[in-house]
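Descriptive structure summary
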Protein chains: 2
Amino acid sequence: MQQIVGRSHLKVTCSVCSLRELCMPLGLSDAEMELLESLSSPKSTFKRGDFLYRSGDRFTSLYAIRMGFFKTQVLHEDGREQVTGFQMAGEIIGLDAISSDIHACDAIALEDCEVCELPFAQLESLSRDLPILQRHLHKLMSREIVRDQSIMLLLGSMRAEERLAAFLLNLSERFTARGYSPTQFQLRMSREEIGSYLGLKLETVSRAFSHFQEIGLIKVQVKSIHILNPAGLQECLNKSR
Amino acid sequence: MQQIVGRSHLKVTCSVCSLRELCMPLGLSDAEMELLESLSSPKSTFKRGDFLYRSGDRFTSLYAIRMGFFKTQVLHEDGREQVTGFQMAGEIIGLDAISSDIHACDAIALEDCEVCELPFAQLESLSRDLPILQRHLHKLMSREIVRDQSIMLLLGSMRAEERLAAFLLNLSERFTARGYSPTQFQLRMSREEIGSYLGLKLETVSRAFSHFQEIGLIKVQVKSIHILNPAGLQECLNKSR
DNA sequence: CGCAACGTTGAAATTCCTCAATTCACGTGG
DNA sequence: CCACGTGAATTGAGGAATTTCAACGTTGCG
């Protein structure tokens, strides 16, 4: 541990950051925790529509989202774009860029956001001394792979309403994990963005919302969602063709 | 470096392994290289249809494919399955399992295969001493994320023939990288497996192959593919709706 | 208050899927 | 070595899901 402390050539700036929360369950010692926090830069803020980073930008840092919602999207040469994810407070964004040191997608704020920068070089260096952090980083990246694969399952083998049901249930889970209501929440993204994420056109998304409301599964008021029958949604999801 | 060698409590078994090839471009010293190789277990072999691992299996190792083709697939409760990738010689398989120490998908041999086991705990430990290996591991995982995102783009916003064109061009690239012909190769997977991967039914895949042949882009003889006009395929890919 | 962006709904068009009939490729056994 | 059988691939026709196009409603901001 002395060895580790001796390595503290890191700038000490931010006191509270998602990183702390993220590593809470790891059961680190106070000294280790302090070290971790020394890594975080000050929080920075973003307004709706601001880019956290752009495809092609040089990669230097991961970002821990402290507040707000982002979307990530990849662009095809011909102008088509695909939303690859919606990231909320408590999640880490930017893992895709490690592979080439260049960001592979755009990250755009969907509302007012606050993030903590995590310089990746320092994170790598630190994780050589803290096996528990190393492990955590690996799990983060692997979890992203698993998440992407479940979206491939969704895009490859589900029909429109199943996709939307899966989307709503996933949001619900994540809100729950953050201490918000599992059944009532505000969407931060447009129908078009949901459609892009789910591989559907915005009209199809809108119709699916309306249909779910008709059959009493949810109540929709534009961006405000109230899940009335979570089990019903789950059922709709498991219903094979 | 003494420190590193002192840590050699790893079993020494396999002499030549994909790991070596994978790390070739890293410019390691001979000593570092030897250390890396000490990590690899003996090669094991698989016949068509064999499972390299199953969803739910305990995770212990990554695998470097030395020879042959695998597919990975995720299963949905209701029985639907989605092929999430085809892995060929020189590629690493199993990264998804790190997140939970349980394999999240099945990996199945599509032909006779040979793999090298890479015990992950040892890989993690070693990568703490070899920053260059650490970096490489991170890039591997990140590359997988980027790859998955490009499949999301494919599944979410391309039509049937564009998907197949993208698939063929991707295979072509990977064969090229391995020193095989970019224009003539054997498919190791069935139409149904291709369809699952591309989010299409097998009949649609078959029709797309036939159409590509009609318009002179490729020559198909069931599993044998000859790309006659790569630029034409690329063009078909860039053609937005 | 009015404009502009976003969302909803309907009808027609298109793509892809389903079902079904053949054909083809390949391995096994006569 | 060939015939046969089986599973895979191809092809066609009809139908279903989703997209496209278009009109109209709603929301919220300047």
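Chain A goes by Transcriptional activator protein Anr in an unreviewed UniProt entry, where it is assigned to Ferriphaselus amnicola.

All right, on to the environment of B:Ser142 then. Tracing the backbone shows B:Ser142 in helix H5 (residues 131–157). Through-space distance from the C-alpha of B:Ser142 to that of B:Ser157 is 23 Å; in sequence the pair is 15 residues apart. Excluding its chain neighbours within four sequence positions, the residues that come into contact with B:Ser142 are A:Leu95, A:Asp96, A:Ala97, A:Ile98, A:Ser99 and A:Met141.

For DNA strand D, the set of nearby residues contains 19 residues, the closest of which are A:Ala160, A:Thr204, B:Ser206, B:Arg207 and B:Ser210. For DNA strand D, the backbone portion of the atoms within 4 Å of the protein, that is sugar and phosphate, comes to 65%. The side chain of B:Ser206 places a nitrogen or oxygen atom 2.6 Å from a phosphate oxygen of DNA strand D. The set of elements that each furnish at least two residues to the surface near DNA strand D consists of helix H8 (202–214) of chain A together with helix H8 (202–214) of chain B. Residue contributions to the surface near DNA strand D peak at five residues, all from H8(B). In the surface near DNA strand D, the residues fall into four nonpolar, six polar and nine charged.

With that settled, the discussion passes to the packing of aromatic side chains. Overall, the coordinates contain 18 aromatic pairs over all chains when judged by the stated rule. Measuring from centroid to centroid gives 6.1 Å for B:Phe175 and B:Tyr180, while their planes differ by 85°, and the two rings are edge-to-face. Residue B:Phe175 is classed as buried on the basis of its relative accessible area, which comes to 7%. Clustering of aromatic rings is evident, with ring pairs tying together A:Phe69, A:Phe175, A:Tyr180 and A:Phe185.

It is worth spelling out the domain arrangement of chain A at this point. Residues and elements named next belong to chain A. If you check the domain split of chain A, you get domain 1 (6–146) and domain 2 (158–238). Residue-level contacts link 17 residues of domain 1 with eleven residues of domain 2. Buried surface at the junction of domain 1 and domain 2, both sides included, amounts to about 1,200 Å², of which 56% is carbon and sulfur. The largest share of the area that domain 1 buries against domain 2 comes from Phe 69, Phe 86 and Met 88, three residues that together contribute 43% of it. At the junction of domain 1 and domain 2, the tally comes to eight residue pairs in polar contact (both at pLDDT 80 or more). The dominant element in the side of domain 1 that touches domain 2, judged by the number of residues it contributes, is strand S5 (residues 81–88), at eight residues. A class-by-class count of the residues in the side of domain 1 that touches domain 2 yields six nonpolar, five polar and six charged.

Detailed reading of predicted coordinates is not advised where the pLDDT is low. On average, chain A scores 88 in pLDDT, and the residues at 70 or more come to 82%. This stretch, residues 1–18 of chain A, has a pLDDT under 50; its non-local contacts, to residues over four places away or in other chains, come to 35 contacts.

A few words on the packing of helix H6 (residues 160–177) of chain A against helix H9 (residues 230–238) of chain A. All names here are of chain A. Contact pair H6 / H9: the axes reach a minimum separation of 8 Å and the direction vectors enclose 135°. Judged by the inter-axis angle, H6 sits oblique to H9. For the crossing formed where H6 meets H9, the hand is left-handed. Contact residues: Glu 161, Glu 162, Ala 165, Ala 166, Leu 168 and Leu 169 in H6; Pro 230, Leu 233, Gln 234, Cys 236 and Leu 237 in H9. Among the residues forming the contact of H6 with H9, the class breakdown is eight nonpolar, one polar and two charged.

All right, on to the UniProt feature "domain: HTH crp-type" (unreviewed entry) in chain A then. With numbering matched to this structure, UniProt assigns "domain: HTH crp-type" (unreviewed entry) to residues 158–231 of chain A. The span residues 158–231 of chain A is 55% helix and 15% strand, and its two end C-alpha atoms sit 18 Å from each other.

It is worth spelling out H8(B) at this point. Residues and elements named next belong to chain B. A rise of 1.5 Å per residue sets the reference length of H8, with its 13 residues, at 18 Å; its end C-alpha atoms lie 18 Å apart and thus fit the reference within 8%. Considered for burial, the residues of H8 that qualify are Val 205, Ala 208, Phe 209 and Phe 212. Taken end-on, H8 shows its buried residues confined to a sector of 100°, consistent with a single buried face. Among the exposed residues of H8, those pointing more than 90 degrees away from its buried face are Arg 207 and Glu 214. In this structure, the buried side of H8 is in contact with helix H6 (160–177), helix H7 (191–198), strand S10 (218–221), strand S11 (224–227) and helix H9 (230–238). Gly 216, located one to two residues past H8, shows a positive phi value of around 80°.

Okay, the sheet that holds strand S7 (residues 106–109) of chain B next. Read from one edge of the open sheet, four strands run S2-S7-S4-S5 (chain B), paired in antiparallel fashion. Bordering the open sheet on either side are strand S2 (51–53) and strand S5 (81–88) of chain B, each of which pairs with just one other strand. This sheet shows a mean twist of 30° between the axes of neighbouring strands, independent of strand direction. Docked against the sheet, helix H5 (residues 131–157) of chain A engages strand S4 (69–75) and S5 of chain B, running at close to 120° with respect to S5(B). Across the sheet, H7(B) lies against S4 and S5 of chain B, angled at about 105° from S5(B), the strand it touches most.

Rules used throughout
Residues numbered from 1 in each chain as written. Chains lettered and ligands numbered in written order. Predicted model: local features only at pLDDT ≥ 70, side-chain atom pairs only at ≥ 80, totals over all residues. Heavy atoms only, no water. Helix = DSSP H or I, 4+ residues; strand = E, 2+ residues; numbered from the N terminus. Contact = heavy atoms within 4.5 Å. Near = heavy atom within 4 Å. Polar contact = N/O pair within 3.5 Å; in protein donor to acceptor, adjacent residues only side chain to side chain. Nonpolar A, V, L, I, M, F, W, Y, C, P; charged D, E, K, R; others polar. Phe/Tyr/Trp six-rings, centres within 6.5 Å; stacked < 30°, edge-to-face > 60°. Buried < 20%, exposed > 50% of the residue type's maximum accessible area, 1.4 Å probe, protein only. Domains from an automatic or database assignment. Buried area = accessible area lost by both parts, 1.4 Å probe. pLDDT = per-residue confidence, 0-100. Axes fitted to C-alpha atoms, helices over the stretch in contact; angles between N-to-C directions. Parallel < 35°, antiparallel > 145°, perpendicular 65-115°, else oblique. Left-handed = near helix turned anticlockwise from the far one by under 90°. UniProt positions renumbered as here; feature names shortened; annotations may be inferred. Expected span 1.5 Å × (residues − 1). Arc of directions from axis to C-beta. Pairing = 2+ DSSP bridges.

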